[in-house]
Amino acid sequence: MNRLTPVLALLVGLPVLVTAQSGTVLYDQATRLDFNLPANSPFASRIPKNTVQPMQLTFSPEATLFGAGTQAQDGPGAGRDIRFSGGGGGGEVMVTREISGGEMMMAGRAMGFLGGGPGSDAISGAYTDLSDGSYTEMRDFLGRVFRIPAERPTFAWKMTGEQAMFLGHPVYQAIAQQDSTTIEAWFTPDIPIPAGPAQYGGLPGLILTLAVDSNRVVYTATAIDTTTAVKAIKAPSEGSKVTREEYDRIVKDKMAELEKSRRGRRN
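Okay, so let's go over this structure. (Residues numbered from 1 in each chain as written. Predicted model: local features only at pLDDT ≥ 70, side-chain atom pairs only at ≥ 80, totals over all residues. Heavy atoms only, no water.)

## Thoughts on the pairing of strand 9 (residues 158–166)
Filter applied, for reference: One bridge is not enough; two strands pair if DSSP finds at least two bridges between them. Helix and strand definitions follow DSSP, with helices as H or I runs of at least four residues and strands as E runs of at least two, each counted in order from the N terminus.
In this structure, strand 9 lies alongside strand 10 (residues 169–178), joined through six bridges in antiparallel fashion. Within the sheet, the bridge partner assigned to Gln-163 lies in strand 10 and is Tyr-172. In this structure, the hairpin formed by strand 9 and strand 10 is closed by a connection of two residues, where Leu-167 is found at a positive phi of approximately 50 degrees.

## Details of the pattern of salt bridges
Filter applied, for reference: The term salt bridge refers to a pairing of a side-chain nitrogen on Lys or Arg with a carboxyl oxygen on Asp or Glu at a separation within 4 Å. To sort residues, take the accessible area from a 1.4 Å probe on protein chains only and compare it with the maximum for the residue type: under 20% means buried, over 50% means exposed, and anything in between is partly exposed.
A full pass over the atoms with the stated rule returns four salt bridges. Put simply, Asp-213 and Arg-216 hold a salt bridge, and the shortest N to O gap is 3.1 Å. Residue class for Asp-213 comes out partly exposed when judged on its relative accessible area of 27%. Exposure remark for Arg-216: the relative accessible area of 19% places this residue in the buried category. A salt bridge links Glu-257 to Lys-254, with the nearest nitrogen and oxygen atoms 3.2 Å apart. Of this pair, Glu-257 and Lys-254 both sit in helix 3 (residues 244–266), three residues apart, which is roughly one turn of the helix. By relative accessible area, Glu-257 is classed as partly exposed at 45%.

## Focus on unusual backbone geometry
Even without glycine at this site, Leu-142 takes up a positive phi of about 50 degrees. Within the secondary structure layout, Leu-142 lies in the loop between strand 7 (134–141) and strand 8 (144–151). The exposure class assigned to Leu-142 is buried, which follows from its relative accessible area of 18%. Residues other than glycine seldom take positive phi values, yet Asp-213 does so here, at roughly 55 degrees. Within the secondary structure layout, Asp-213 lies in the loop between strand 12 (206–212) and strand 13 (217–225).

## A short note on the nonpolar core
We apply this condition: Working definition of a nonpolar core: buried Ala, Val, Leu, Ile, Met, Phe, Trp, Tyr and Cys residues. They are joined through side-chain atoms within 4.5 Å.
By size, the foremost hydrophobic cluster in this structure holds 35 residues, and its most contacted members are Trp-157, Tyr-200, Leu-206 and Leu-210. Going through the elements one at a time, strand 1 (23–32), strand 2 (50–59), strand 10, strand 11 (181–188), strand 12 and strand 13 are the ones with two or more residues in this core. With five residues, the top contributor of residues to this core is strand 12. Residues Leu-142, Phe-146, Ile-148 and Val-242 belong to the second largest nonpolar core, which totals six residues.

## What about the packing of aromatic side chains?
The condition that has to hold: Centres within 6.5 Å make a pair out of two Phe, Tyr or Trp rings, where for Trp the six-membered ring is used; the pair is then stacked when the planes are under 30 degrees apart, edge-to-face when over 60, and tilted otherwise.
Counted by the stated rule, this structure contains seven aromatic pairs. Ring geometry for Phe-66 against Tyr-219: centres 6.1 Å apart, planes inclined by 75 degrees, an arrangement best described as edge-to-face. With Phe-66 in strand 3 (residues 63–68) and Tyr-219 in strand 13, the pair connects residues that are 153 residues apart, well separated along the chain. Considered together, Phe-66 and Tyr-219 belong to a single accessibility category, that of buried residues. Three or more aromatic residues joined by ring pairs make a cluster, and in this case those are Tyr-27, Phe-66, Phe-155, Trp-157, Tyr-200 and Tyr-219.

Here it is, written out as C-alpha cells:
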C-alpha cells in the first residue's frame, strides 16, 4: 500500500463519473522485431519492423483473463491474425494467415534471422484471481501451449503527475522499473480494477495503454465494453502445466536443438 500512497493522494477529490466493475477491453499488442541480419544484407529493406496482434482482457471484481483477441473462445493458445508493418520501405501492413506465436518463432529462428518477436518473450495469456492473488501464465512455444502457475507480478509504480483523456476516460501516468526495464502505464480510475494487459496491474484503475522497454512492446486499448454482461471468469485449464523452471528448460533445450539442426543444414 505504501507504494501507491502518491497515487491515492492524487486521486482524492476526483469526481466519480463511472465505476465500471466488469467488462472487456480490446488491445493491440505491438511488438518490435529485432533481427540479426548480416551487414549490407539484401533482405534488410524487406524485413518487417513490427508485428501487431489483437488481444482481449475480460475483467470482473473477482478475476481477470487476458488472451487472444480473435477466437477468444478457444483460449489463450488459439491462433490469431498477426499484422506485419514497416517492411519494404513503404510502411505497408500485410495480414498473415492465422498463426500461433510458437509457429512464428520457430520459422524465424530456423531462418536464423529472428532475435525476438511474437512468442519469444510475450505471454499469450494470463489469469489473475483478484480475491486471493493467484496467477496463471500461458505461453505458446513451437505449437504447444504451456500453463505456468506463478506468483502474481508486482510493480513499484510511481506517479508522474501526467494526465490525459483516452477513449473517453481520464487516464493517469505511472512508471515502474523492473531490473533494467522501464514500464510506462496509463490507467483510468473510471474502471477501478487493479489490472491491465498481460501480467501488468496493481494500480487503482485499469491500464489502458502500456509501453515496455522503450516501446519494444506496446499495448494500446482500442475498445472498451462495460455494458455487456460478463460470465464467471474461470482459470484456464488447457495446455501442459509446468513450473517456470521446467518451461525455461524446455525452451532452452528446444532452441539448442533447432540451432544444431540449422548448423547441420549449412554444412
